[in-house]
Amino acid sequence: MPLASHDVFTAPDWWRQAVVYQIYPRSFADANGDGIGDLQGITSRVPYLSALGVDAVWLSPFYPSALADGGYDVDDYRDVDPKIGTLDDFDAMVAAFHAAHIKVVVDVVPNHSSDRHEWFRAAVAAGKGSPERDRYIFRDGKGENGELPPTGLQSIFGGDAWDRVTEPDGTPGQWYLHLFAKEQPDFNWDHPEVHADFLTTLRFWSDRGVDGFRVDVAHGLKKNLDPKFDAMVGFDDGVGDLGDGQHPLWDRDEVQDVYAEWRAVFDEYDPPRTAVAEAWVLPHRQARYSAREGLGQTFNFDLLKAAFAADEFHEVIDRNLRAAADIGGSTTWVFSNHDVVRHATRYGLPAGISGAPAPGAASTGSGNDGKQWLLDGGDPGEVDAEQGLRRARAATLFMLALPGSAYLYQGEELGLQEAGQIPDQDRQDPAFFRNRAIEIGRDGCRVPLPWTGEGSSFGFGPDGAHLPQPSWYADYAVAVESADPASTLNLYRRALALRHELECDEVLEWLEVSPSVLGFTRPNGWCAVTNFGTEPVALPSGEVLLSSGPLNPGELPGETTVWLRR
Ligand code: NOJ
Ligand code: CA
């Protein structure tokens, strides 16, 4: 294997151009056969991830949780869910990753806890006006007997953003705010104990060797619930649409005070712990989260939202590289995650399908986001899976040559398609239950991975899987793809190995090609060229290093990317 020109693992700025692989723990690998992915399962797959060539893993929540929102409803921020392991398992997992020179990033969920968190239970038990209630956002209801929600705010998952508790004396009581599911009460970030407790959590995991944090709903936290906003209904898609730092819920300026405190904790460690913000904010507001004094990096969902088109990719990449350079940071790229339809499927949908935003996510813009297709039944027969995969491979290979860090979502290295058809009785996502007319939920991208072409759960574990796997999953299994030199898995492996070898300064120069073709060169002569059209074009000159699909002599076929050395 070629030696990396820069040892990503030991460098303090390892995150700048890292390839980060997102693990959704309950759906990655199940060691004990209860159908739920677990930490021992993850540890058993470290050799797989090492051979894939990732620099870091990001684990979606593995904390104790009733799974009202896939684990983003946290009961205890400083423990492991007994359904998926123990703290000892966690330590063993981190040690295994570190031995393989893979960094570990964990999710931190500061906007809300679960309703089973000890503070929330105490708040309900202690009654109105108690200091316990003050750590959350409780209000009296409107109407003669307080029977109406305090305001018209709607939850991101549909329905009122307020729920009523029963007071200790058994009477119907106050209402609490939950911007997401009702099992996810929002913290009161004006309370010093909330601040202090999260610093304890950051130190707890940092002391256990965690290298960084992914910050859930980083643009939430601070709220201004002044009665003058009471008439407000809806959420501007969860984006601080006002863009002036004064939106009552999102991206308020003072949320950065929280991250300044966090930065001080990160810097207590050597190397400093890192963070990436999940912040759905307007482009000109992103720098606040990406600044060195803040969280340091922000997810950039612009490529995920873009249609597969040269002009959109060009504009998005240019804008984000400029924004990162302005603050001396590095940008992030992502096509798939646990909240959106897998990109191999999105890119194969009939033109014109779009729909409501993903919960917890902003609108997925001009590209086909797949929501409507899912709502209409998610029939795989309506997807041009071949085209979707061809485009996904081309888009990913193009993205992997860009400066910045690349976030991959488990299963995309297999070219996995969305499992769009899940029987209602098997669905888990709260969005489905709260608002099924407009939101079918995100279960289709969270179906457990296929590791082998056969077996009761395609090698996910010794027994079943907590979400049903479609029979065609067999074709995408790790074992099947490992044996096929042209598989998506082998493309990713080669691309990541080469990327390490070729890593260089975080700049690019665009090549003059044609309107449907986009290409750039990095300072060491590493070029990526994508033909976004469907007709072949002349292959640019240079030594071919890798391509996302077969090349014909002298030709770059449609919907194909090539890496060249010039
Ligand atoms: C964003 C997460 O990615 C999503 O899965 C979750 O539902 C919301 N935040 C709420 O925590
Ligand atoms: Ca298990």
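Every chain is numbered on its own, with residues counted from 1 as its sequence reads. Starting at A for chains and at 1 for ligands, labels are handed out in the order in which the entities are written. Only residues with pLDDT of 70 or above have their local features reported here, since the model is predicted, and side-chain atom pairs are shown and tallied only from 80 upward, although totals for entire chains, interfaces and linings are computed over all residues. Remark: hydrogens and water are excluded; side-chain values derive from all non-hydrogen atoms of the structure.

Chemist: Can you help me understand the state of the cysteines in this one?
Modeler: What we call a disulfide is simply a covalent bond connecting the sulfur atoms of a pair of cysteines. Throughout, a disulfide means two cysteine sulfur atoms within 2.5 Å of one another. Applying the stated rule across the entire model yields zero disulfides. This cysteine, Cys504, is not joined by any disulfide, and Cys527 carries the nearest cysteine sulfur, 11 Å off.

Chemist: Honestly, the site of ligand 1 in this entry has me stumped. Any pointers?
Modeler: In the neighbourhood of ligand 1, 14 residues make up the surrounding shell, with Asp69, His112, Asp216, His338 and Asp339 lying closest. Nitrogen and oxygen atoms within 3.5 Å of one another constitute a polar contact, given that in protein one can donate a hydrogen and the other can accept it, and given that sequence-neighbouring residues count only through two side-chain atoms. Between an oxygen atom of ligand 1 and a side-chain N or O atom of Arg214, the distance comes to 3.1 Å. His338 is positioned such that a nitrogen or oxygen atom in its side chain is 2.8 Å from an oxygen atom of ligand 1. Accessibility throughout is a Shrake-Rupley quantity obtained with a 1.4 Å probe, and a residue counts as covered only by protein chains that appear here. Considering ligand 1 on its own, with 290 Å² of exposed area, one finds that the protein chains cover 100% of that surface. A cutoff of 4 Å decides nearness: a residue is near a molecule or strand if any of its heavy atoms lies inside that distance of it.

Chemist: Please explain the coordination of the calcium ion (ligand 2) as it appears in this structure.
Modeler: Any two of four tetrahedral donors ideally make an angle of 109.5 degrees at the metal, while pairs among six octahedral donors ideally make 90 or 180 degrees. In this structure, Asp30 (OD), Asn32 (OD1), Asp34 (OD), Ile36 (O) and Asp38 (OD) serve as the protein donors to the calcium ion (ligand 2), at separations of 2.3 Å. The donor set comprises N, O and S atoms within 2.8 Å of the metal, extended to 3.2 Å for Na, K and Ca; water molecules are omitted, so apparent gaps in a site may simply reflect that omission. Mapped onto the polypeptide sequence, the residues donating to the calcium ion (ligand 2) form the spacing pattern D-x1-N-x1-D-x1-I-x1-D. Throughout, exposure labels follow a simple rule: accessible area from a 1.4 Å probe, protein chains only, divided by the maximum for the residue type, with under 20% read as buried, over 50% as exposed, and the rest as partly exposed. Classification of Asn32 as exposed rests on a relative accessible area of 52%.

Chemist: Would you mind going over the packing of aromatic side chains with me for this structure?
Modeler: Any aromatic ring pair is given by two values, namely how distant the centres are and how the planes are angled relative to each other. We call Phe, Tyr and Trp rings a pair once their centres come within 6.5 Å, taking the six-membered ring for Trp, and we label the pair stacked below 30 degrees between planes, edge-to-face above 60, and tilted otherwise. Per the counting criterion, the structure on display carries 43 aromatic pairs. Measuring from ring centre to ring centre gives 5.4 Å for Phe62 and Trp205, while their planes differ by 85 degrees; the resulting arrangement is edge-to-face. Of this pair, Phe62 sits in the loop between β2 (56-59) and α3 (87-99) while Trp205 sits in helix α5 (residues 192-207), and the two are 143 residues apart along the sequence. Exposure remark for Trp205: the relative accessible area of 0% places this residue in the buried category. Ring geometry for Phe120 against Tyr176: centres 4.9 Å apart, planes inclined by 70 degrees, an arrangement best described as edge-to-face. For helices the rule is a DSSP run of H or I covering at least 4 residues; for strands it is a run of E covering at least 2, with both sets numbered from the N terminus onward.

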